[in-house]
Amino acid sequence: MQQQHTRFVYILLILLLIKPLSMAASEPADSVPQQHKGIIGRLIHYFDQSNKRKLTTRPNFTPLGGPHYSSEKGLGLGIVIAGDYSTCPTDTLLPASNISLKGDIATKGYYSVGIDGVHVYPFNSRRVNYSLDFQSFSTYFWGIGYTWNNDNANKTKYNLFDLTLTGDYEWRLAPGLYLGPAVELSYTSAGSIADPTPWQGENHRYFSAEVGGRLQYDLRDNLTYPHSGVLFELIQLFAPRFIGNRNHDFASTEINFNIYSPLWAGAILASHFHSEWTYGNTPWGKLPFLGGGAMRGYYEGRYRDKCASDMAVELRQHIYRRSGIAVWGGVGSIYHKLSDIRFDRLLPEYGIGYRWEFKKNANVRVDIGFGKHSSGFMFGLNEAF
């Protein structure tokens, strides 16, 4: 079964890479200057013009690929095919819609495929956010709660298999204010566990179905690289047993609050606050955790509990042409209840990253973060928040 999964991912990655390159290579000869003929020249010209193309109703796809390394996944090859488009190209104030196809393979048995995006209707009257992700890789589990997570002796290797679908459909109630239903379906399995003790009796595999709603107040000037504005969102989900949660009955509340402020020429100060609280019998894979996202200095998923909060401030500075840098600092905490938050359990982090604009208002980012006895290296698309 594992070999079949691996073979499927390799085939999909090859197809994802070949199609956009063939599209680029099949451009009419008179559309490419003479000096750009040949596959290498065409690719150079293609990427050189990728941030200058005008939005149309059809997605303009740009392929990106390259090596990366992280402590969670090892050395890998990632491919992203990113597209942007507009449901009303003549409306210059309408935020661009976007879609990304992703594939990844790495040395620590990691492979993943996925698709995500945001579809913005004309006049910004409605929005659809969607994501479908499949991943399988060898990783580590430290247990649940700060006491378990902070003790490296609890580190246990296992194979994670996860398939998650999320989506929501929002209507505009007032300028910047959106509300609509949301759903999340996932199947998670932990296999080849070296030591089951850190699971503390939890089921190693489960299916969860969550339904609820999403409230969003969004005044960002664009969705992928905001220069100014505010984003506040509240996501409330419920997972009762009668909709398929056989062994778990739980709920979650998540809040995101971001502020984007221009400072001087080419500089943006981005501020971020995030909290997630869960209630009831929450399965281990649905517990809030730190790592990835804004908390890039920590191994993704090491610190997890019933609740998690983090905040960060990031300075993003354009340097030259399509290049820029980002520096940030932040702090986070996991806790079972609010009274568990203590100063000696706060997890600080800081880091620096490089940005390259491959499309207008869309960056490739390479970040290195440092935390408490921890560090992380990440390659990604668009900003962490």
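For the structure itself, consult the block above.
Throughout what follows, the structure given in this document is the object of discussion. (Residues numbered from 1 in each chain as written. Predicted model: local features only at pLDDT ≥ 70, side-chain atom pairs only at ≥ 80, totals over all residues. Heavy atoms only, no water.)

When helices and strands are counted, the protein shows three helices and 18 strands. The 385 residues of the protein split such that 48% are buried. In the protein, of all internal contacts separated by at least 6 residues, the share reaching a separation of at least 24 is 56%. Approximately 18,600 Å² of the protein is accessible, and the part contributed by carbon and sulfur atoms is 63%. (Helix = DSSP H or I, 4+ residues; strand = E, 2+ residues; numbered from the N terminus. Buried < 20%, exposed > 50% of the residue type's maximum accessible area, 1.4 Å probe, protein only. Contact = heavy atoms within 4.5 Å. Areas by Shrake-Rupley, 256 points an atom, 1.4 Å probe, with all protein chains shown as cover.)

A separate point is the side chain of Arg220. Take Arg220: it is sitting in the loop between β8 (205-218) and β9 (229-239). Residue Arg220 is classed as buried on the basis of its relative accessible area of 17%. One polar contact links Arg220 to Asp218, side chain to side chain, over a distance of 2.9 Å. (Polar contact = N/O pair within 3.5 Å; in protein donor to acceptor, adjacent residues only side chain to side chain.)

Before going further, it helps to examine unusual backbone geometry. The residue Ser192 is not glycine, and still its phi comes out positive at about 50°. Inspection of the secondary structure assignment puts Ser192 in the loop between β7 (177-191) and β8. Phi at Gln200 takes a positive value of approximately 50°, unusual for a residue other than glycine. Residue position: Gln200 is located in the loop between β7 and β8.

Before going further, it helps to examine the pattern of salt bridges. Enumeration over the complete set of coordinates arrives at 19 salt bridges. Here Glu383 and Arg316 are joined by a salt bridge, their closest N and O atoms 3.6 Å apart. One end of the pair, Glu383, is in the segment after β18 (374-381); the other, Arg316, is in strand β14 (residues 307-320), with 67 residues separating them in the sequence. Between Asp344 and Arg342 there is a salt bridge, with its nearest N and O atoms 3.3 Å apart. The exposure class assigned to Arg342 is partly exposed, which follows from its relative accessible area of 42%. Taken together, the salt bridges that share partners define one network made up of Arg296, Glu314, Arg316, Arg355, Arg365, Asp367 and Glu383. (Salt bridge = Lys/Arg side-chain N within 4 Å of Asp/Glu carboxyl O.)

Moving on: a nonpolar patch on the surface. Residues Leu132, Leu163, Leu165, Val183, Leu185, Tyr187, Phe207, Val211, Phe242 and Ile243 make up a contiguous nonpolar surface patch of about 840 Å² in total accessible area. Of all the elements, β7 adds the most residues to the nonpolar patch, at three residues. Among the structural elements, Leu185 can be located in strand β7. On the basis of relative accessible area, Leu185 is assigned to the partly exposed category, the value being 33%. (Patch = residues over 30% accessible without salt bridge, like charges linked within 9 Å, V, L, I, M, F, W, Y side chains within 5 Å.)

Before going further, it helps to examine the nonpolar core. By size, the foremost hydrophobic cluster in this structure holds 12 residues: Ala106, Tyr110, Phe137, Phe141, Ile144, Tyr158, Leu160, Ala190, Trp199, Tyr206, Trp284 and Leu287. Looking at this core, the elements that each hand over two or more residues are β5 (126-141) and β6 (156-174). Once residues lying within four places of it in the same chain are set aside, the contact partners of Leu160 are Gln135, Ser136, Phe137, Thr139, Thr188, Ser189 and Trp284. In terms of nonpolar packing, the next biggest core, distinct from the first, is built from eight residues, Met295, Tyr303, Ala308 and Leu347 among them. (Core = buried A, V, L, I, M, F, W, Y, C linked by side-chain atoms within 4.5 Å.)

Where β7 meets β8, 13 bridges bridge the pair, whose relative direction is antiparallel. Of the residues in β8, the one forming a bridge with Ala182 is Gly212. Summarising the sheet, β8 and β9 pair through eight bridges and their orientation is antiparallel. What sits directly across from Val211, in β9, is Phe238. (Pairing = 2+ DSSP bridges.)

Looking at where Ala384 falls in the secondary structure, it is placed in the segment after β18. Between the C-alpha atom of Ala384 and that of Gly292, which follows or precedes it by 92 residues, the distance is 8.3 Å. Once you skip the residues sitting within four places of it in the chain, Ala384 turns out to touch Gly293, Ala294, Arg296 and Arg365.

One ladder, built from 10 bridges, connects strand β4 (residues 110-120) with β5; its direction is antiparallel. The residue bridging Gly117 from the neighbouring strand is Tyr130, located in β5. Between the antiparallel neighbours β4 and β5 lie five residues, among them Phe123 with a positive phi of about 65°. Bridge count between β5 and β6: 16 bridges; the pairing is antiparallel. Along β6, the bridge assignment pairs Thr139 with Tyr158.

Examined against the element boundaries, Leu179 turns out to sit in strand β7. Accessibility expressed as a relative area gives 39% for Leu179, which makes it partly exposed. For the pair Leu179 and Arg214, spaced 35 residues apart in sequence, the C-alpha separation works out to 5.7 Å. Look past the residues within four positions of Leu179 in its chain and what remains in contact with it is Tyr169, Glu170, Trp171, Leu173, Arg214 and Leu215.

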